[in-house]
Amino acid sequence: MAASIGWGIVGYGWVARDYMAPGIRAAGHRLVAVADPGEASRAAAEAEGARAHADLAGLIAEPDVEAVYVATPNHLHRGAVEALCAAGKAVLCEKPMAASLADAEAMAAAVRTSGAFYGTAFDQRHHPGHRALRGLIEDGRLGTVTAIRIVYACWLDRAWTSFRGQDNWRIDPAQAGGGALMDLAPHGLDLVDFLLGEPITDIAAMTQARAQDYAVDDGALLIGRTASGALAQLNVAYNCPDALPRRRLEVVGTRGLLTAVDTMGQTAGGSLTFTDGRDGRVEEIAFDKSASPFLEQVRAFGRALRDPGGRSAWDAERDLHTMRLIARAYAAAGTPAGRDAA
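It should be emphasised that the depicted structure is a prediction, and the values quoted were computed from it without experimental measurement. (Residues numbered from 1 in each chain as written. Predicted model: local features only at pLDDT ≥ 70, side-chain atom pairs only at ≥ 80, totals over all residues. Heavy atoms only, no water.)

Visitor: Looking at this structure, how should I read the overall build of the protein chain?
Guide: Of regular secondary structure, the protein chain possesses 10 helices and 14 strands. Relative to the 2.2 N^0.38 estimate, which gives 20 Å for 342 residues, the radius of gyration of the protein chain is 19 Å and therefore close to what a compact globule would have. Seen through its principal axes, the protein chain has C-alpha atoms that stretch 60 × 45 × 40 Å. Out of the 342 residues in the protein chain, the part that is buried amounts to 55%. Long-range pairs, those at least 24 residues apart, make up 68% of the contacts in the protein chain with a sequence separation of at least 6. Summed over all atoms, the accessible surface of the protein chain reaches about 13800 Å², with 50% contributed by carbon and sulfur. (Helix = DSSP H or I, 4+ residues; strand = E, 2+ residues; numbered from the N terminus. Rg over C-alpha atoms; globule rule 2.2 N^0.38 Å. Buried < 20%, exposed > 50% of the residue type's maximum accessible area, 1.4 Å probe, protein only. Contact = heavy atoms within 4.5 Å. Areas by Shrake-Rupley, 256 points an atom, 1.4 Å probe, with all protein chains shown as cover.)

Quick look at the structure:
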């Protein structure tokens, strides 16, 4: 295990509070400080033993903070990442990289110029079930992979918020840059790259504003193709009741089908099966169901921070390609995305 790392968090909302902070502690690392303008957010951080600052400058001045998790609304990612890179901090930034492609381009430039260790928080790469999937694909269990199908959906009510009195920034195009497509599709696009070892190169999409009464898309369907010809289909939504089946990942090959249910998300567990293409026999695949993707992400980032030889798995340019795919998907759907179009 990597030596204990002092972490900071910028933006102490529900993901940071309920998943990242526990992941830091479970990995044997330390949450040193939090920066958030919200009084309730700072109070929650202090209750967990972290020092709380109202602005980023206070966190940057903390000498014990080596790595910083950026979990602000999307439109604030760029400013935080640029300042942290300039200060020599390692940065793990929530997806999407930014609210607009222009901001993501600037962030990637800041990483190149500063030489800072940067990663986008595609935590689904670190889910033990998804790692097991990739291993089976690499071992040839599926034969030639022909398609990946992903459903990743939830219900996002207009009134939802991390702390009482806050607005739901995820439905504000100026802060989020888009809706369900912007928020949920990056995970699926990145997973295709992770599972197959190659990114999507061609993409098309349709969006909907069907069930929710806000100004961003509440659902989207994306189709893509990798350079080798594997097809990908992603259905993402903010309009699916949480009691319904809404998290499913299928990888289809010439020899069989791998199906992961309830693995996509912040929590540990789910199920993974292999269906044999010859006789339809279904086999349950074992994986670690106790470790959350956030815990495994913190462990992986910590190892890479301590051993620069392991940093190739974290790539700002690859993540910028994913952001470009998102921009192209919105353009194909004829839907404005990003602050510039808000």
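Structure's up, so let's keep going.
Visitor: Sorry if this is basic, but what is going on with the packing of helix H1 (residues 14-26) against helix H9 (residues 293-306) here?
Guide: Two measures define how a pair of helices packs: the angle their axes make with one another and the distance between the axes. Contact geometry of H1 with H9 gives a least axis separation of 8 Å together with a crossing angle of 50 degrees. By the criterion of interaxial angle, the relationship of H1 to H9 is oblique. The element H1 and its partner H9 pack so that their crossing is right-handed. Of the residues in H9, those in contact with Val-15, Tyr-19, Met-20, Gly-23, Ile-24 and Ala-26 of H1 are Phe-294, Leu-295, Val-298 and Arg-299. Tallied by class, the residues present in the contact of H1 with H9 amount to eight nonpolar, one polar and one charged. (Axes fitted to C-alpha atoms, helices over the stretch in contact; angles between N-to-C directions. Parallel < 35°, antiparallel > 145°, perpendicular 65-115°, else oblique. Left-handed = near helix turned anticlockwise from the far one by under 90°. Nonpolar A, V, L, I, M, F, W, Y, C, P; charged D, E, K, R; others polar.)

Visitor: Looking at this model, I keep getting lost on the sheet that holds strand E6 (residues 118-121). Mind explaining?
Guide: Strand pairing within a sheet occurs via backbone hydrogen bonds; the two strands may be parallel or antiparallel. Strand order in this open sheet of six strands is E3-E2-E1-E4-E5-E6, and the pairing throughout is parallel. Where the open sheet ends on each side, the last strands, each with one partner, are strand E3 (51-53) and E6. Neighbour to neighbour, the strand axes of the sheet diverge by 20 degrees on average, direction disregarded. Note: strand E5 (residues 90-94) against E6, four bridges, orientation parallel. (Pairing = 2+ DSSP bridges.)

Visitor: Help me out: how do you make sense of the sheet that holds strand E9 (residues 219-226) in this one?
Guide: Strand order in the open sheet formed by eight strands is E8-E9-E10-E7-E11-E12-E13-E14, with mixed pairing between adjacent strands. Since the sheet does not close on itself, it has two edges, and those belong to strand E8 (200-208) and strand E14 (282-284), each with one partner. Between one strand axis and the next, the sheet turns through 15 degrees on average, direction left out of account. As paired strands, strand E11 (residues 247-253) and strand E12 (residues 256-261) are joined by five bridges and run antiparallel to one another. The residue of E12 that forms the bridge with Val-252 is Leu-257.

Visitor: Can you walk me through the UniProt feature "domain: Gfo/Idh/MocA-like oxidoreductase N-terminal" (unreviewed entry) in the protein chain in this structure?
Guide: Taking the UniProt record as the reference, the feature "domain: Gfo/Idh/MocA-like oxidoreductase N-terminal" (unreviewed entry) is found at residues 6-119. Helix makes up 45% of residues 6-119 and strand 22%, with an end-to-end C-alpha separation of 17 Å. (UniProt positions renumbered as here; feature names shortened; annotations may be inferred.)

Visitor: I tried to follow the pairing of strand E4 (residues 67-70) on my own but got confused; where do I start?
Guide: Two faces make up the sheet, and in a regular strand the side chains alternate between them. The two faces of E4 match: Ala-67 and Tyr-69 on one face and Val-68 and Val-70 on the other face are all buried. Sheet topology places E4 next to E5; four bridges connect them, and they run parallel. By the bridge assignment for E5, Tyr-69 is matched with Leu-92. In this fold, E4 hands off to helix H4 (residues 77-86), which returns the chain to E5; that crossover is right-handed. (Right-handed = clockwise from strand over helix to strand, strands pointing away.)

Visitor: Can you help me understand the state of the cysteines in this one?
Guide: Each disulfide consists of a covalent bond between the sulfur atoms of two cysteine residues. One pass over the full model with this rule turns up zero disulfides. For the unlinked cysteine Cys-240, the closest cysteine sulfur is that of Cys-154, found at 8.3 Å. (Disulfide = S-S within 2.5 Å.)

Visitor: Honestly, the environment of Tyr-12 in this entry has me stumped. Any pointers?
Guide: Positionally, Tyr-12 belongs in the loop between strand E1 (6-10) and H1. Each C-alpha atom of the pair Tyr-12 and Phe-163 lies 9.8 Å from the other, and the pair is 151 residues apart in sequence. If we ignore the near neighbours within four places in the chain, the residues touching Tyr-12 are Arg-17, Ala-21, Leu-31, Val-34, Asp-36, Ser-41, Ala-44, Ala-45, Glu-48 and Phe-163.

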